Amino acid sequence: MVGVAQGFSAGAAVGLKAPLDDTAGDGYEIAVGVLATYAPSSAALVGASWIHGKLLGGSAALPAGTSGIDSRACHVWITATH
C-alpha cells in the first residue's frame, strides 16, 4: 500500500495458488488485483478491492469455456476500532 493523499492509500497484489501434489502444473492459479483504502479518522477505515482470482491458470484451474478474466471479485469493507 502506498499513501496517495491524506487518508487515502492504494496498492496492487499478486498471488499464486497451487496444489501441493503432482497436479500443480495443471491446477495453479495466478491472482492479480488492485485495492484502495480511506481512513476518515483514526478509528475507521473503508476499503475496496477488485481482484482477478484466476487471471492465469493451469488447465484444471479454469472452468471449460472460460478465460481467467472471467474469474473476478469486488470486495468492500469497513473496519472500526476503539
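Peer 1: What is the right way to look at the pattern of salt bridges in this model?
Peer 2: Enumeration over the complete set of coordinates arrives at two salt bridges. A salt bridge links Glu29 to Lys54; its shortest N-O distance comes to 3.7 Å. You can see Glu29 sitting in strand β3 (residues 29–41) and its partner Lys54 sitting in strand β4 (residues 44–57), a full 25 residues away along the chain. We classify Glu29 as buried; its relative accessible area is 14%.

Peer 1: I would appreciate a short explanation of the sheet that holds β4 in the present structure.
Peer 2: Strand pairing in a sheet relies on backbone hydrogen bonds, with the paired strands running either antiparallel or parallel. Spatial ordering of the open sheet is given by β1-β2-β3-β4-β5, a layout of five strands whose pairing is antiparallel. The sheet terminates laterally at β1 (2–5) and β5 (72–80), the two strands that pair on one side only. Strand-to-strand twist across the sheet, computed as the mean angle between neighbouring axes with direction ignored, equals 20°. Across 10 bridges, the pairing between β3 and β4 is antiparallel. Looking at the pairing, Gly33 lines up with Ile51 of β4.

Peer 1: What should I look at first to understand the side chain of His52 in this one?
Peer 2: As for its placement among the helices and strands, His52 is situated in strand β4. A polar contact is formed between the side chain of His52 and the side chain of Trp50, at a distance of 3.3 Å.

What counts, and where the lines are drawn
- Residues numbered from 1 in each chain as written.
- Predicted model: local features only at pLDDT ≥ 70, side-chain atom pairs only at ≥ 80, totals over all residues.
- Heavy atoms only, no water.
- Salt bridge = Lys/Arg side-chain N within 4 Å of Asp/Glu carboxyl O.
- Helix = DSSP H or I, 4+ residues; strand = E, 2+ residues; numbered from the N terminus.
- Buried < 20%, exposed > 50% of the residue type's maximum accessible area, 1.4 Å probe, protein only.
- Pairing = 2+ DSSP bridges.
- Axes fitted to C-alpha atoms, helices over the stretch in contact; angles between N-to-C directions.
- Polar contact = N/O pair within 3.5 Å; in protein donor to acceptor, adjacent residues only side chain to side chain.

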